[in-house]
Amino acid sequence: MANNENNQRPVRVRFAPSPTGPLHIGGVRTALYNYLFARQHGGTMILRIEDTDSRRFVPGAEDYINESLAWLGIKIDEGVREGGNYGPYKQSERRDIYREHVKMLLDAGKAYIAFDTPEELEQAHAANPNFQYDASTRVNMRNSLTMSKEDVDALIAAGEKYVVRFLINPGRDVEVHDLIRGKVVINSSILDDKVLYKSSDDLPTYHLANIVDDHLMEVTHVIRGEEWLPSSPLHVLLYEAFGWQDTMPQFVHLPLLLKPDGKGKLSKRDGDRLGFPVFPLEWHDPKSGEISSGYRESGYLPEAVINFLALLGWNPGDDTEIMSMDELVSKFSFDRCARAGAKFDFEKGKWFNRHYLQQLDDAVLAEKFVAVLRAHGVNPDDFGMEYVTRAVAMVKDRISFVKDLWEQAKFFFVAPTEYEPKAVKKRWSEQMPQIMEELIGVLQGIEDFSSSAAEPIVLGWITEHGYHMGNVMNAFRLTVVGECKGPHMFDITELMGKEETIRRIKVGIENIKLPEA
RNA sequence: GGCGAUUUAGUGUAGAGGCCUAGCACGCCGCCCUCUCACGGCGGAAACUCGGGUUCGAAUCCCGAAUUCGCUACCA
């Protein structure tokens, strides 16, 4: 049995994307599961580029795939960049290998040559909407089964375009053993004689290239999306046709990632429409010039994306949710994989991002904040990194993204010029300018402006005069922050300093207008 | 249409005949903390697709239907 053979072979898995555009987040998850499984078994992770569709090739896509996986921490052991003993790892560079294998099939009578043009096939479909190129119809088509060898050779010699089709014998129940779904049976009669090779570009189709490469690269587990389940019997048949059934890999078909709303597979279009990216990195489409947002550029940490993705379709069996890559590697298993597709709703992903952001060291976060400050016209050098770091430390527990830091901490760098009307209405009153003047006096008299020293003095003064604690403190906050939110008031003033604090109160007294009655 | 897969709260999931008055997390709502907003703590609303069986007993087993998704290309 293939099973027993596989249990003895070293684990080798592959992630095999087509360079037809940016790597989709669903593809990322497939890559992740492959990676987790490989690592767990001390196996090898292969990255194979499946560029057998010359017409759909998109420049830059291959680099994008490499860069995405690198950013996410999914390390490739063998591939175009990494090298390895089973190369080349790009299918367009394996033409000789495929040609040779096509010939093997042809010689063994397991495949045949077909000359039907796209137009002829279209006609066949027009005449019969249920038309399928198979045992019931191939006898009426222009192929090497219905033509003489001389005619076939003559056509090929004349440069006629042809394809090689897999000859499928009908009426057989083909079993596929899937590690997640168990045994799946499909009758070979519903399969068509798939095109394995096209002479037009001298390239195989996915099915042939896939089987040949997986075999030659000694892949032990084919872990891929569920969209491949219906064609997996065809793949089983191909392994048999080559006589490779004893080393046929184990199949694992992962549930798909679906749109959070509506219906269908999560797609490119859903990206910006839904308010979160569906691509790991920002993508500039070379043709349309269209830009699609990416997780990296949107401020997500790779750990958060990985953690969230891992839990879409798999769980460790207990309530653990926060897991590092290493923990995922040790806990992962196919028998804890879900079978139904998961709606890709990134709300929870935000929560993961928030979690990992909180774990970051204040100084590291401050460094990340520098770019945001500059983007808002603030030169961090005017304040110094210690100041930036202390400001970040005070507000970090209220952010989900690095960019949120600006909204939460901007007042540390820019004095308010406007005052939130609602807060003014609630906390500013006729006598408030006078009280604020008094506050200035109190603050001026404080030697040690630290939070712990200043707080009791100010609070004592408020109580002593019978002022309303909430109103006075919030009016104070209003002048310094511009609105009624933010960290502990005296922590703010400690960092800002006496001079700046008093200056802001004065500006506030001047500029805050009592709302019209 | 055909074939296959699939089905627990809004979302991701736990659950493998009695432990289920169905657990956890995100989100949502409320309360507490408090100078504010957050954080945090506490609490709440919210689900077994439907119909038949089997069984003393079913979210869990069987049958049927429905649902959703995928495939049905000289795309992967």
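Remarks on the overall build of chain A
No. 1: Summing up its helical and strand segments, chain A has 21 helices and 15 strands in all.
No. 2: Taken over the C-alpha trace, chain A has a radius of gyration of 33 Å; the compact-globule value for 517 residues is 24 Å, which it surpasses by more than 25%.
No. 3: Its C-alpha atoms give chain A principal-axis dimensions of roughly 110 × 50 × 35 Å.
No. 4: Counting across all 517 residues of chain A, residues that qualify as buried make up 51%.
No. 5: Long-range pairs, those at least 24 residues apart, make up 72% of the contacts in chain A with a sequence separation of at least 6.
No. 6: Summed over all atoms, the accessible surface of chain A reaches about 24,100 Å², with 50% contributed by carbon and sulfur.
No. 7: Put simply, chain A has 60 plus and 78 minus side-chain charges, and the middle of one group is 3 Å from the middle of the other.

Focus on helix α4 (residues 95-107)
Structurally, the α-helix is built with 3.6 residues per turn, so residues lying three or four positions apart point the same way.
No. 1: With 13 residues, α4 should reach 18 Å at 1.5 Å per residue; the first-to-last C-alpha distance of 18 Å fits that figure.
No. 2: Within α4, the full set of buried residues consists of Ile97, Tyr98, His101, Val102 and Leu105. Viewed end-on, α4 has its buried residues packed into an arc of 130°, placing them on one side of the element. Projecting away from the buried face of α4 at angles above 90 degrees are the exposed residues Asp96 and Asp107.

Here we look at the side chain of Lys198
No. 1: Along the chain, the position of Lys198 falls in strand β8 (residues 195-198).
No. 2: Excluding residues within four positions of it along the chain, Lys198 makes contact with Thr52, Tyr162, Val163, Leu203, Pro204 and Thr205.

Observations concerning the protein's contact with RNA strand B
No. 1: The immediate surroundings of RNA strand B are formed by 60 residues, with Lys263, Arg398, Asn474, Cys484 and His488 found nearest.
No. 2: What you see for RNA strand B is that sugar and phosphate hold 74% of its atoms within 4 Å of the protein.
No. 3: In the model, a phosphate oxygen of RNA strand B is placed 2.7 Å from a nitrogen or oxygen of the Asn315 side chain.

Digging into the environment of Glu455
No. 1: Here Glu455 shows up in helix α18 (residues 451-464).
No. 2: If sequence neighbours within four positions are ignored, Glu455 has contacts with His488 and Phe490.

A closer look at the sheet that holds strand β4 (residues 111-114)
No. 1: Spatial ordering of the open sheet is given by β4-β5-β8-β9, a layout of four strands whose pairing is antiparallel. Across the chains shown, the open sheet's two edge strands, defined by having one partner strand only, are β4 and β9 (203-204).
No. 2: In this sheet, β8 lies alongside strand β5 (residues 163-166) in antiparallel orientation, the contact comprising three bridges. Its bridge partner lying in β8, Val163 is registered against Lys198.
No. 3: The strands that α4 touches are β4, β5, β8 and β9; relative to β4, the one it contacts most, it runs at about 105°.

Thoughts on the layout of surface pockets
The rolling of a water-molecule-sized probe over the atoms marks out the regions of remaining empty space.
No. 1: There is about 1,300 Å³ of room inside the largest pocket.
No. 2: Lining the largest pocket are 44 residues; nearest its centre among them are Pro17, Ser18, Thr20, Arg56 and Glu227.
No. 3: Mapped by element, the contributors of at least two residues to the lining of the largest pocket are β1 (12-15), α2 (25-40), α7 (206-216) and β10 (221-225).
No. 4: The leading source of residues in the lining of the largest pocket is α2, at four residues.
No. 5: Per-class residue counts for the lining of the largest pocket are 18 nonpolar, 12 polar and 14 charged.
No. 6: Reported here for the second largest pocket is a volume of approximately 450 Å³.
No. 7: Surrounding the second largest pocket, 20 residues form its lining, Pro118, Val163, Val195, Lys198 and Ser200 being those nearest its centre.
No. 8: Taken together, the elements giving at least two residues each to the lining of the second largest pocket come down to α5 (118-127), β5 and β8.
No. 9: Each residue belonging to the lining of the second largest pocket can be placed in one class, and the counts come to six nonpolar, six polar and eight charged.

What about the packing of α2 against helix α10 (residues 302-310)?
No. 1: Where α2 contacts α10, the axes come no closer than 10 Å and their chain directions differ by 80°. By the angle between their directions, the pair α2 and α10 is classed as roughly perpendicular. Contact residues: Ile25, Val28, Arg29, Leu32 and Tyr33 in α2; Val305, Ile306, Leu309 and Ala310 in α10.
No. 2: Taken together, the residues that form the contact of α2 with α10 break down as eight nonpolar, no polar and one charged.

Some points on the pairing of strand β2 (residues 44-47)
No. 1: Here β2 shows a buried face lined by Thr44 and Ile46 and a second buried face lined by Met45 and Leu47.
No. 2: Here β1 pairs with β2 via four bridges, running parallel. Paired with Val13 across the two strands is Met45, which belongs to β2.
No. 3: Note that the unit made of β1, α2 and β2 has a crossover that is right-handed.

Describing the domain arrangement of chain A
No. 1: Examined at the domain level, chain A breaks down into domain 1 (1-78 + 255-353) and domain 2 (415-511).
No. 2: Spacing between the C-alpha centres of domain 1 and domain 2 amounts to 50 Å.

Quick notes on unusual backbone geometry
No. 1: Between Gly87 and the following residue, Pro88, the backbone shows a cis peptide bond with an omega angle of -5°.
No. 2: Within the secondary structure layout, Pro88 lies in the loop between β3 (78-79) and α4.
No. 3: Of note, the phi angle at Asp202 is positive, near 55°, even though the residue is not glycine.
No. 4: On the secondary structure map, Asp202 appears in the loop between β8 and β9.
No. 5: You will see that Glu218, though not glycine, has its phi angle at about 55°, which is positive.
No. 6: Assignment of secondary structure puts Glu218 in the loop between α7 and β10.
No. 7: Owing to a relative accessible area of 38%, Glu218 belongs among the partly exposed residues under this scheme.

Cut-offs used in this document
- Residues numbered from 1 in each chain as written.
- Chains lettered and ligands numbered in written order.
- Predicted model: local features only at pLDDT ≥ 70, side-chain atom pairs only at ≥ 80, totals over all residues.
- Heavy atoms only, no water.
- Helix = DSSP H or I, 4+ residues; strand = E, 2+ residues; numbered from the N terminus.
- Rg over C-alpha atoms; globule rule 2.2 N^0.38 Å.
- Buried < 20%, exposed > 50% of the residue type's maximum accessible area, 1.4 Å probe, protein only.
- Contact = heavy atoms within 4.5 Å.
- Areas by Shrake-Rupley, 256 points an atom, 1.4 Å probe, with all protein chains shown as cover.
- Lys, Arg positive; Asp, Glu negative; His and termini not counted.
- Charge placed at Lys NZ, Arg CZ, Asp CG, Glu CD.
- Expected span 1.5 Å × (residues − 1).
- Arc of directions from axis to C-beta.
- Near = heavy atom within 4 Å.
- Polar contact = N/O pair within 3.5 Å; in protein donor to acceptor, adjacent residues only side chain to side chain.
- Pairing = 2+ DSSP bridges.
- Axes fitted to C-alpha atoms, helices over the stretch in contact; angles between N-to-C directions.
- 1 Å grid on protein atoms, 1.4 Å probe; cavity = no way out; pocket = protein on both sides within 12 Å on 5 of 7 lines; lining within 4 Å.
- Points joined across faces, edges and corners; volume = space filled by probe spheres on them.
- Nonpolar A, V, L, I, M, F, W, Y, C, P; charged D, E, K, R; others polar.
- Parallel < 35°, antiparallel > 145°, perpendicular 65-115°, else oblique.
- Right-handed = clockwise from strand over helix to strand, strands pointing away.
- Domains from an automatic or database assignment.

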